[in-house]
Amino acid sequence: MTAKTSSQSGRKAGGTQGGRRRALTPKGITVLVLLGLALVFIFENTRETEIRLLVPLVTMPLWLALLAMGVIGALVGAYFMGRRR
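A short tour of the structure in this document, coming up.

So, how was this worked out
- Residues numbered from 1 in each chain as written.
- Predicted model: local features only at pLDDT ≥ 70, side-chain atom pairs only at ≥ 80, totals over all residues.
- Heavy atoms only, no water.
- Phe/Tyr/Trp six-rings, centres within 6.5 Å; stacked < 30°, edge-to-face > 60°.
- Helix = DSSP H or I, 4+ residues; strand = E, 2+ residues; numbered from the N terminus.
- Buried < 20%, exposed > 50% of the residue type's maximum accessible area, 1.4 Å probe, protein only.
- Pairing = 2+ DSSP bridges.

**A closer look at the packing of aromatic side chains**
- For the coordinates displayed, the defined rule picks out two aromatic pairs.
- Centre to centre, the rings of phenylalanine 43 and tryptophan 63 are 5.5 Å apart; their planes meet at 35°, and the pair counts as tilted. Separated by 20 residues along the polypeptide, phenylalanine 43 in helix H1 (residues 26-44) and tryptophan 63 in helix H2 (residues 62-84) bring together distant segments of the chain.
- Note on tryptophan 63: relative accessible area 28%, which makes it partly exposed.

Structure representation (structure tokens):
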């Protein structure tokens, strides 16, 4: 079974053009701006810091700890958004 294609553009008959970009919405722009601000904040804080991980005391760059917490927060948020659907 093959899909019908139009002779001019090679796309499926009756379908829409594949790969079309969606316009940025205000929500998308807000997310990009917040992501940019978070990255600037993270990479401006480059000094070493001590962090207690339950029992051990770890010395690491502050930007790495902030980035790790941002990634963990994004993963938790994505998990709960996925469960809503």
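Moving on from the model shown.
**Considering the pairing of strand E2 (residues 57-61)**
- Relative to E2, strand E1 (residues 48-52) runs antiparallel, the two sharing five bridges. What sits directly across from glutamate 50, in E2, is threonine 59.
- Counted along the chain from E1 to the antiparallel partner E2, the turn is four residues long, and its residue leucine 54 has a positive phi close to 60°.

Interpretation in functional terms is not warranted from these geometric data alone.
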